[in-house]
Amino acid sequence: EIKALQDGIIALDKSVAEATEQRKEENAEYKDLMANNGAAKEVILFAKNRLQKFYNPKMYKAPPKTELSKEDRIFVNNGGTPPPTEAPGGIAGTGIS
């Protein structure tokens, strides 16, 4: 009877380990899926806004204008080039600009 209980415990430990591994794999897949969904939503919103610019300009949301600091304005007014800025629009890491 003790041998049967020990065998049952060993089998239970093995099944728990397998279930844990399966849950870890499923969790990794879920996290990857959610990250991809978030990126896809950003791409769709970007495309939607780009289409609004052409088809419905009233609904288009232009990117915010950057304002130069006092020092940068003086430099530009004296013939200098403005400091580099971030690329307008786009989504980081997707190649969309």
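Described below are features of the structure shown in this document.

Conventions adopted
- Residues numbered from 1 in each chain as written.
- Predicted model: local features only at pLDDT ≥ 70, side-chain atom pairs only at ≥ 80, totals over all residues.
- Heavy atoms only, no water.
- Helix = DSSP H or I, 4+ residues; strand = E, 2+ residues; numbered from the N terminus.
- Buried < 20%, exposed > 50% of the residue type's maximum accessible area, 1.4 Å probe, protein only.
- Areas by Shrake-Rupley, 256 points an atom, 1.4 Å probe, with all protein chains shown as cover.
- Contact = heavy atoms within 4.5 Å.
- Salt bridge = Lys/Arg side-chain N within 4 Å of Asp/Glu carboxyl O.
- Patch = residues over 30% accessible without salt bridge, like charges linked within 9 Å, V, L, I, M, F, W, Y side chains within 5 Å.
- Lys, Arg positive; Asp, Glu negative; His and termini not counted.
- Charge placed at Lys NZ, Arg CZ, Asp CG, Glu CD.
- Phe/Tyr/Trp six-rings, centres within 6.5 Å; stacked < 30°, edge-to-face > 60°.

### What about the overall build of the protein?
Item 1. A count of helices and strands for the protein gives two helices and zero strands.
Item 2. Residues classed as buried in the protein amount to 4% of the 97 residues present.
Item 3. When the accessible area of the protein is evaluated, it comes to approximately 8900 Å², of which 59% is carbon and sulfur surface.

### What about the environment of Q52?
Item 1. Its location among the elements puts Q52 in helix α1 (residues 2-55).
Item 2. Look at Q52 and you get buried, because its relative accessible area is 18%.
Item 3. Excluding anything up to four places from it in sequence, Q52 contacts P57, M59 and Y60.

### Side note on the pattern of salt bridges
Item 1. Going through the model one piece at a time under the given rule, you end up with one salt bridge.
Item 2. Here K3 ties to D7 by a salt bridge, and the two come within 3.7 Å at their closest N and O atoms. Of this pair, K3 and D7 both sit in helix α1, four residues apart, which is roughly one turn of that helix.

### Some points on a negative patch on the surface
Item 1. On the surface, E21, E25, E26, E29 and D32 cluster together into a patch of negative charge.
Item 2. Tracing the chain through its elements places D32 in helix α1.
Item 3. Taking relative accessible area as the criterion, D32 reaches 45% and is therefore assigned partly exposed.

### Focus on the packing of aromatic side chains
The geometry of two aromatic rings is summed up by the distance between their centres and the angle between their planes.
Item 1. What the rule picks out here adds up to one aromatic pair.
Item 2. Seen from their ring centres, F54 and Y55 are 4.7 Å apart, and the 90° between their planes marks the pair as edge-to-face.

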